[in-house]
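# Breakdown of the fold
One-letter residues, chain by chain:
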Amino acid sequence: MLAKNAERFIKWALSAWRDLSLDAKVVALFGVGNWFLLFANHTTVAATHDVPLWQLFPPGADAAFLIACGTLAFAYPFRDHRARGSFTTRARVMHLAAIIATFVIIPTLASIILRETGKPYTYIHDGALMVEEASRKFLAGMNPYVADYLDTPMFFWPMINNPALYHLTYFPFMFLVTGPFVWFFDHFGFIWDQRYLYLPAYIGTLALVPFIVQGASRRLAMTAAIALNPQLFPFVVEGRNDFFVLLFLFAGVALLMRERRTMSSLALAAAGAAKLHALIFLPFVAVYLVATKRPRNLREAIAALTPTWPAALFLLATFVPFLANNFGAFYDDVVSYNAGGAAWTYPISGMGFSAILLALGLIPYRQADFPFAAIEIAVAAPIAVWWFIRLWQRPTIATLLAGYALTLLAFLFFGRYFQGNYLGFIAAVFTPVPFLATRAVRRVPRRVRRPAPATVTVPRPTREPAPGPLPSPVPMPVALDAAEPSPVGVGSTD
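Please read these numbers as outputs of a predicted model, since none were measured by experiment. (Residues numbered from 1 in each chain as written. Predicted model: local features only at pLDDT ≥ 70, side-chain atom pairs only at ≥ 80, totals over all residues. Heavy atoms only, no water.)

### Here we look at the overall build of the protein chain
Scanning the protein chain from N- to C-terminus turns up 22 helices and six strands. Going through the 494 residues of the protein chain one by one, you find that 46% of them count as buried. Accessible surface computed for the protein chain: about 25700 Å², of which carbon and sulfur atoms make up 67%. (Helix = DSSP H or I, 4+ residues; strand = E, 2+ residues; numbered from the N terminus. Buried < 20%, exposed > 50% of the residue type's maximum accessible area, 1.4 Å probe, protein only. Areas by Shrake-Rupley, 256 points an atom, 1.4 Å probe, with all protein chains shown as cover.)

### Topic: the packing of aromatic side chains
Overall, the coordinates contain 42 aromatic pairs when judged by the stated rule. Measuring from centroid to centroid gives 5.3 Å for Trp 35 and Phe 39, while their planes differ by 75°, and the two rings are edge-to-face. On the basis of relative accessible area, Trp 35 is assigned to the buried category, the value being 19%. Considering the side-chain rings of Tyr 76 and Phe 87, the 5.3 Å spacing of their centres and the 70° angle between planes classify their relative orientation as edge-to-face. With Tyr 76 in helix α3 (residues 61-83) and Phe 87 in the loop between α3 and α4 (89-116), this residue pair connects regions lying eleven residues apart in the sequence. For the pair formed by Tyr 76 and Phe 87, the shared burial category is buried. A network of ring pairs unites the aromatic residues Tyr 337, Tyr 346, Phe 353, Phe 413, Phe 414, Tyr 417, Phe 418 and Tyr 422 as a single cluster. In this arrangement the basic side chain of Lys 137 is found over the ring face of Tyr 149, its NZ or CZ atom lying 5.7 Å from the centre. (Phe/Tyr/Trp six-rings, centres within 6.5 Å; stacked < 30°, edge-to-face > 60°. Lys NZ or Arg CZ within 6 Å of the ring centre and 35° of its normal.)

### Concerning the confidence of the model for the protein chain
Confidence along the protein chain averages 87 in pLDDT terms, with 87% of residues attaining 70 or more. Of the regions scoring below 50 in pLDDT, residues 440-449 engages in seven contacts with residues more than four places distant in sequence or in other chains. Segment residues 461-494 is flagged for pLDDT under 50; beyond a separation of four residues in sequence, or across chains, it makes 20 contacts in the model. (pLDDT = per-residue confidence, 0-100. Contact = heavy atoms within 4.5 Å.)

### Let's talk about the packing of helix α6 (residues 172-187) against helix α11 (residues 261-274)
When two helices pack together, you describe them by how their axes are tilted relative to each other and by the distance separating the axes. The N-to-C vectors of α6 and α11 enclose an angle of 105°; their axes lie 5 Å apart at closest approach. Comparing the axis directions of α6 and α11 gives the class roughly perpendicular. Across the interface between the two elements, Pro 172, Phe 173 and Met 174 of α6 pack against Ala 270, Ala 273 and Ala 274 of α11. When grouped by side-chain class, the residues that make up the contact of α6 with α11 number six nonpolar, no polar and no charged. (Axes fitted to C-alpha atoms, helices over the stretch in contact; angles between N-to-C directions. Parallel < 35°, antiparallel > 145°, perpendicular 65-115°, else oblique. Nonpolar A, V, L, I, M, F, W, Y, C, P; charged D, E, K, R; others polar.)

### A few points about unusual backbone geometry
Even without glycine at this site, Tyr 123 takes up a positive phi of about 55°. Mapped onto the elements, Tyr 123 comes out in the loop between α4 and α5 (126-139).

### A closer look at the environment of Leu 56
Along the chain, Leu 56 falls in the loop between β2 (50-52) and α3. Distance in space between the C-alpha atoms of Leu 56 and Ile 113 is 9.9 Å, their sequence separation being 57 residues. Once residues lying within four places of it in the same chain are set aside, the contact partners of Leu 56 are Thr 44, Pro 107, Ala 110, Ser 111, Leu 114, Tyr 123 and Val 237.

### As for the packing of α4 against helix α8 (residues 216-227)
Where α4 contacts α8, the axes come no closer than 11 Å and their chain directions differ by 0°. Accordingly, the angle class assigned to the pair α4 and α8 is roughly parallel. Side by side, α4 and α8 meet where Thr 89, Arg 92, Val 93, Leu 96, Ile 100 and Val 104 of the first sit next to Ala 216, Leu 220, Thr 223, Ala 224 and Ala 227 of the second.

### Examining the nonpolar core
Counting residues in each nonpolar core, the largest one holds 127 residues, and the members touching the most others are Phe 103, Tyr 202, Leu 249, Phe 281, Leu 400 and Tyr 404. With eleven residues, helix α19 (residues 397-413) is the largest single contributor of residues to this core. Dropping the residues within four chain positions of it, Phe 103 is found in contact with Gly 31, Asn 34, Trp 35, Leu 38, Cys 69, Leu 228 and Phe 233. Ile 348, Leu 357, Ile 363 and Ala 368 belong to the second largest nonpolar core, which has six residues in total. (Core = buried A, V, L, I, M, F, W, Y, C linked by side-chain atoms within 4.5 Å.)

### Notes on the pattern of salt bridges
This model, assessed by the stated rule, comprises twelve salt bridges. One salt bridge connects Arg 92 with Asp 80, and the closest N-O pair in it is separated by 2.7 Å. With a gap of twelve residues between them, Arg 92 in helix α4 and Asp 80 in helix α3 connect regions that are remote in the sequence. Asp 242 is paired through a salt bridge with Lys 275; the nearest N and O atoms lie 3.4 Å apart. With Asp 242 in helix α10 (residues 242-257) and Lys 275 in the loop between α11 and α12 (276-279), this residue pair connects regions lying 33 residues apart in the sequence. (Salt bridge = Lys/Arg side-chain N within 4 Å of Asp/Glu carboxyl O.)

### Points about α3
Here α3 spans 31 Å end to end across 23 residues, near enough to the 33 Å set by a 1.5 Å rise per residue. Largest kink in α3: about 30°, centred on Ala 75, with the proline Pro 77 one to four residues after it. Along α3, the residues classified as buried are Asp 62, Phe 65, Leu 66, Cys 69, Gly 70, Ala 73, Tyr 76, Pro 77 and Asp 80. Immediately downstream of α3, the backbone of Arg 84 shows phi near 55°, a positive value. (Expected span 1.5 Å × (residues − 1). Bend = angle between axes of the 7 residues up to and from the residue.)

### Some details on α19
Three- or four-residue spacings in an α-helix give side chains the same orientation, since the helix completes a turn every 3.6 residues. Its 17 residues give α19 an end-to-end C-alpha distance of 24 Å, which sits within 8% of 24 Å, the value for a rise of 1.5 Å per residue. Of all 17 residues in α19, 14 are buried, a share of seventy percent or more.

### Comments concerning the side chain of Thr 102
Structurally, Thr 102 can be placed in helix α4. For Thr 102, a relative accessible area of 10% puts it in the buried group. In contact with Thr 102, not counting residues within four places along its chain, are Phe 65, Ala 68, Cys 69, Leu 72 and Pro 107.

In structure tokens, the structure reads:
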């Protein structure tokens, strides 16, 4: 009896799953899955160690938070299954917004409040803290790549011998855009938190999804997959900058799809000026811009890149002042610190190739030098070249994003450290690919072969018979059937 009931339940569950809409399936997969992970796996940095997200709330509120997350996650597919057509698009948007607010926005605000009511170095990731302090160094007239951070709250951040005290690993745009906000808040006595910038960037990234894919169900599904990415959204709570970069990257893609090439290039240049992850995207975009124009010579290829000159000027204006001021300091912080070879190198960490070598004992200790940069280039370069060729042959947005995501995966996985949010960033970049690759196309009726049309001979009319042979008959074809597509019509739909 028990086995029969279990069999019936499984059949019912499979049938119910098949009946769900695409967005309901994605919300169920990510929402319910993340609800289970909330109990232990989804953690954020606290005062001295990482804690599960629900521990950001006082007793009673923590249970309410977990119950709300679970209820909302289960309710969406349930409403889709039971309500069918009455579960309107507007209701789906509101329900998904409630899930996102509960899972991400509320814990982020709680973490900001805990930091502001405690110490400035608690409940925030050291990357966000570093950008805040780099902005203050810059406002004080110092080069953030030359200065150290021993006199900042970074010194008390819960990590022993934190190498970030001596190296600024981020590109200039990150602290340049933060500078005016830091000045305003410090000048008027308010407490600035970098998540005041990163949280709107998270919401803005999700707001761009409707401009990338079409169809209500697809838009909702893609929004849920990005917003509830299990390797990305918990890092919004602690203040990592992935969605700040994704905002400009997705904006650039949306503009590129609408042939706004100059604005698209500027948005992508801003992403590249903020983080190395996005800088790797720019060669793919250049190939796409040229390939879509199908140039016949070098002059036409260069002309295809003409819309990108404002973006090139933007990148030069962002990087050149710091390179000219102290190239050695910039290179030491951004390159040597991350790849190995600096006086105090970033420790091997994460879940990539370096962690495997460390676990096998092939690298003696976490801060040992190892030629990861050579391995990264040796693996990622052939993959990039192969995707360049494929992008040239088939210049589509799906090919563009897929090639970039897989190249970035190869480059970062074989680097000195491969963090969970790196995987989440790559997954977010790749998320639009299946939605774009399976985009609905206009169906063309299949052409049915018909027998060759018969011809009728009609004698040329004459006024009166004349001696000699009759004129040759002129063939006249019978008109084509109205349902038969013309050869021109078939070619134009290709």
